[in-house]
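Below, each chain spelled out in residue letters.
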Amino acid sequence: VLNTIEDERFFNDLRTEGLSTSTLKHYQNVLRILFKYAETHDLIEKDPMRKVKPIKAEAKQVDFLTPEQAKVFLAALDNAPLRWRCMMTILILEGLRRGEVVGLQWSDIDFEKGVIHVRRNRLASKEFGVYEKDPKTKTSKRDIPMPKELMKELQEYKKWFEIADPNFNSRLDNYYLAVNIYREPLYPGVVGHWLKEIEKEHRLKQVTCHGLRHTYCSLLLSQNVPIQTVSKYMGHSDSTITLKVYSHFIPDTQDIAMDALSIVMS
């Protein structure tokens, strides 16, 4: 049995049987503790787990839309209700996490500076219900510039709130952008439901809300936006995180590099 565990195929066979990476990691941790104890107390001659390499997580495929698919998606939004259209446009053109979108209040929309202030996450769980918390990391609190098309959509959307409340502009902290038809805060999961409905109706490629965030990042990188800028707008704590996940979206710049070097050679 000890020789079998020492063989790498032992854990690979468990993986093929359908066990998840997290479960296999848990098994390895338990076995390491048990065998280390057994070796320390002379119950076995050697710990078979010493030579076993830690289980590595399988690479996740990034869910996103190509530029062409993104254009089709945005065009499909023309027929969607204004509330739906604004939330979807923010997801794909601002790269916010779903909880950040649902957590936006009208005081976070700065039309004068043309930016969205990301300040909170609005989440839901079985244990706590709907609750608010700070964004994922310190750098997740950020300001993201808005395209003119998005600003125009939001200004139109804002009028819908002003009609219902004459004092709306002095009570911006009281209103979220993601709301139901009664202008009440939306349950976080509903935004994902809206996305699925739009994809189903228009037979679009199916992506998640996070897939639209990936799309935003890939579009910026494909247009040679500096990695530091992309990382900042994504709210990543470090540019290396952005590179680790999205490096394959960065265009090949070999020709640019060669042209730069040729300057000093001429």
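Residues numbered from 1 in each chain as written. Predicted model: local features only at pLDDT ≥ 70, side-chain atom pairs only at ≥ 80, totals over all residues. Heavy atoms only, no water.

Visitor: Whenever I open this one, the pairing of strand 4 (residues 129-133) confuses me. Can you help?
Guide: Looking at chain direction, strand 3 (residues 121-125) and strand 4 are connected through five bridges and run antiparallel. Opposite Ser125, over in strand 4, you have Gly129 as the bridge partner. (Pairing = 2+ DSSP bridges. Helix = DSSP H or I, 4+ residues; strand = E, 2+ residues; numbered from the N terminus.)

Visitor: Looking at this structure, how should I read the side chain of Arg83?
Guide: Here Arg83 is to be found in helix 5 (residues 82-94). One buried charge, Arg83, has no salt-bridge partner; the nearest side chain with opposite charge is Glu184, at 9.8 Å. From its side chain, Arg83 meets the backbone oxygen of Val179 in a polar contact 2.8 Å long. For Arg83, the contacting residues outside a window of four places in its chain are Tyr157, Trp160, Val179, Asn180, Ile181 and Trp194. (Buried < 20%, exposed > 50% of the residue type's maximum accessible area, 1.4 Å probe, protein only. Lys, Arg positive; Asp, Glu negative; His and termini not counted. Salt bridge = Lys/Arg side-chain N within 4 Å of Asp/Glu carboxyl O. Polar contact = N/O pair within 3.5 Å; in protein donor to acceptor, adjacent residues only side chain to side chain. Contact = heavy atoms within 4.5 Å.)

Visitor: Help me understand the nonpolar core in this model?
Guide: In a soluble, globular protein the nonpolar side chains are often hidden away together inside. If you look at the biggest cluster of nonpolar residues, it comprises 53 residues, and the most contacted ones within it are Phe73, Met87, Met88, Ile90, Leu154, Tyr157 and Leu177. Contributions of two or more residues to this core are made by helix 4 (67-76), helix 5, helix 6 (98-102), strand 2 (115-118), helix 7 (148-164), helix 8 (190-202), helix 9 (209-222) and helix 10 (227-234). Looking at this core, the element that brings in the most residues is helix 5, giving seven residues. If near-sequence neighbours (up to four positions away) are discounted, Leu154 is found in contact with Cys86, Ile90, Trp106, Ile109, Phe111, Met146 and Leu177. Leu24, Leu31, Met49 and Val52 belong to the second-largest nonpolar core, a separate cluster that totals eight residues. (Core = buried A, V, L, I, M, F, W, Y, C linked by side-chain atoms within 4.5 Å.)

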